[in-house]
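Residue-level structural notes
Next come the chains, spelled out residue by residue.
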Amino acid sequence: CRVIGAEAGQVLGTDCATNVWIPDGFKDTPADMLAPRERLRESLDKVFAGDLEGNVDTVESKLFGIGSESYVVGSHEFYLGYATSRQMMLTLDSGHYHPTESIAGKISAVMPFVPGLMLHVSRGVRWDSDHVVTLSDDLLAIAREIVANVYLDRVRIGLDYFDASINRVAAYVIGTRNMQRALLVALLEPTAKLKELERSGKFTGRLALQENLKSAPWGEVWAEFCRRQNVPEDQDWMDEIERYEREVLSQRS
C-alpha cells in the first residue's frame, strides 16, 4: 500500500497519505494486554521502514468494534504514543471515539507533538455508522480548531462516509460542500477578537459574540464563492445529479 501510495503521489504531484488502521482486539477480556501491543509496535516499525517519495504515513486508532468489544490493541493511547515517538502523522476519525466525544478538542492537544494530522470526518449515529457529513455543531467545532490555531497547512481533511440509501454522487457533493462551508464559517469569524475577550477574562462578552455569529450572513459569502468557482449554488446542483442518475446510473445493472 505504501508503494502504491508513493506512485500515486509522484504521478499526481502531491503526497499521498497512506493510512494504517487495523481492526484488532478481543471480544472478551484478555489475560495479556501487553504482548499484542508489543507485537504491533514491532510490526509497524517493519511496515514503515524506509521513506518513500510521494507517500506520507499515518496511523489510526479505534475505541472498539464488533468482535473487539473488550480490548483493542491499537487504542488511541497506543497510536498517539507511536505517532509521537516516531514523529509521523496521526489520524483522528470522528466516528472512532465515544459517541458523545468530539475530535475537535483533540486537535490542539495532539498537534504540539506530531508533525501533522489526518482527519476522517464523518457523522456517526450511535456508533461509527459514517453518515453523510452535515453542517452540525461538531463539524463547525472541527473547522474552528483548524482555522483558529492556523493548522490549515498541517491538517489533511478526509471525508469518511457512505449511505447506500441515497444517491452516492449527491452524498459526495453534500458532504464536501458542508466541510467547505464549515471552514468558510470559521475563516469569517473574528477569531482574534474572541481570543482577546477570553484573555481579558470577559467570558460573557465572548459568549455573546459567539451567539451573535450564529446569525451572521455567511451564506451570502458562500453563494458568491460558488459563483466565482463557476459551480451551481445550493440545490441547483440537484438538477444535474438527477439528470446523471436518470441517464447514467439507472442504466447500470
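Before going into details, it helps to say that this report is about the structure given with it.

Rules of the game
Residues numbered from 1 in each chain as written. Predicted model: local features only at pLDDT ≥ 70, side-chain atom pairs only at ≥ 80, totals over all residues. Heavy atoms only, no water. Pairing = 2+ DSSP bridges. Helix = DSSP H or I, 4+ residues; strand = E, 2+ residues; numbered from the N terminus. Axes fitted to C-alpha atoms, helices over the stretch in contact; angles between N-to-C directions. Salt bridge = Lys/Arg side-chain N within 4 Å of Asp/Glu carboxyl O. Buried < 20%, exposed > 50% of the residue type's maximum accessible area, 1.4 Å probe, protein only. Parallel < 35°, antiparallel > 145°, perpendicular 65-115°, else oblique. Left-handed = near helix turned anticlockwise from the far one by under 90°. Contact = heavy atoms within 4.5 Å. Nonpolar A, V, L, I, M, F, W, Y, C, P; charged D, E, K, R; others polar. Patch = residues over 30% accessible without salt bridge, like charges linked within 9 Å, V, L, I, M, F, W, Y side chains within 5 Å. Areas by Shrake-Rupley, 256 points an atom, 1.4 Å probe, with all protein chains shown as cover. Lys, Arg positive; Asp, Glu negative; His and termini not counted. Charge placed at Lys NZ, Arg CZ, Asp CG, Glu CD.

**Concerning the sheet that holds strand 3 (residues 89-93)**
- One open sheet accounts for five strands, arranged 1-2-3-4-5; its pairing is parallel. Where the open sheet ends on each side, the last strands, each with one partner, are strand 1 (16-20) and strand 5 (155-159). When strand polarity is set aside, the average angle formed by the axes of neighbouring strands in this sheet is 30°.
- Where strand 2 (residues 55-60) meets strand 3, three bridges bridge the pair, whose relative direction is parallel.

**A word on the pattern of salt bridges**
- Overall, the coordinates contain 14 salt bridges when judged by the stated rule.
- Residue R181 pairs with D234 through a salt bridge whose shortest N-O separation is 2.7 Å. Of the two residues, R181 sits in helix 6 (residues 168-188) while D234 sits in the loop between helix 9 (218-228) and helix 10 (237-247), which places them 53 residues apart along the sequence.
- The exposure class assigned to D234 is partly exposed, which follows from its relative accessible area of 35%.
- The salt bridge partner of E240 is R243, with a shortest N-O separation of 2.6 Å. Note that E240 and R243 are positioned in helix 10 at a spacing of three residues, about one turn of the helix.

**Quick word on unusual backbone geometry**
- Not every positive phi belongs to a glycine, and Q87 is a case in point at roughly 50°.
- If you trace the backbone, Q87 turns up in the loop between helix 3 (76-86) and strand 3.
- Exposure remark for Q87: the relative accessible area of 47% places this residue in the partly exposed category.
- You will see that V150, though not glycine, has its phi angle at about 55°, which is positive.
- With respect to the helices and strands, V150 occurs in the loop between helix 5 (137-148) and strand 5.

**Topic: the packing of helix 5 against helix 6**
- Where helix 5 contacts helix 6, the axes come no closer than 8 Å and their chain directions differ by 50°. In terms of orientation, helix 5 lies oblique with respect to helix 6. Considering how the two elements wind past one another, helix 5 and helix 6 form a crossing that is right-handed. For the pair helix 5 and helix 6, the contacting residues are L139, L140, A143, R144 and V147 in the first and N178, M179, A182, L183, V185, A186 and L187 in the second.
- When the residues that make up the contact of helix 5 with helix 6 are grouped by side-chain class, the tally is ten nonpolar, one polar and one charged.

**Observations concerning a negative patch on the surface**
- Taken together, the side chains of D236, D239, E242 and E245 make up a negatively charged region of the molecular surface.
- In this fold, E242 is placed in helix 10.
- We classify E242 as partly exposed; its relative accessible area is 41%.

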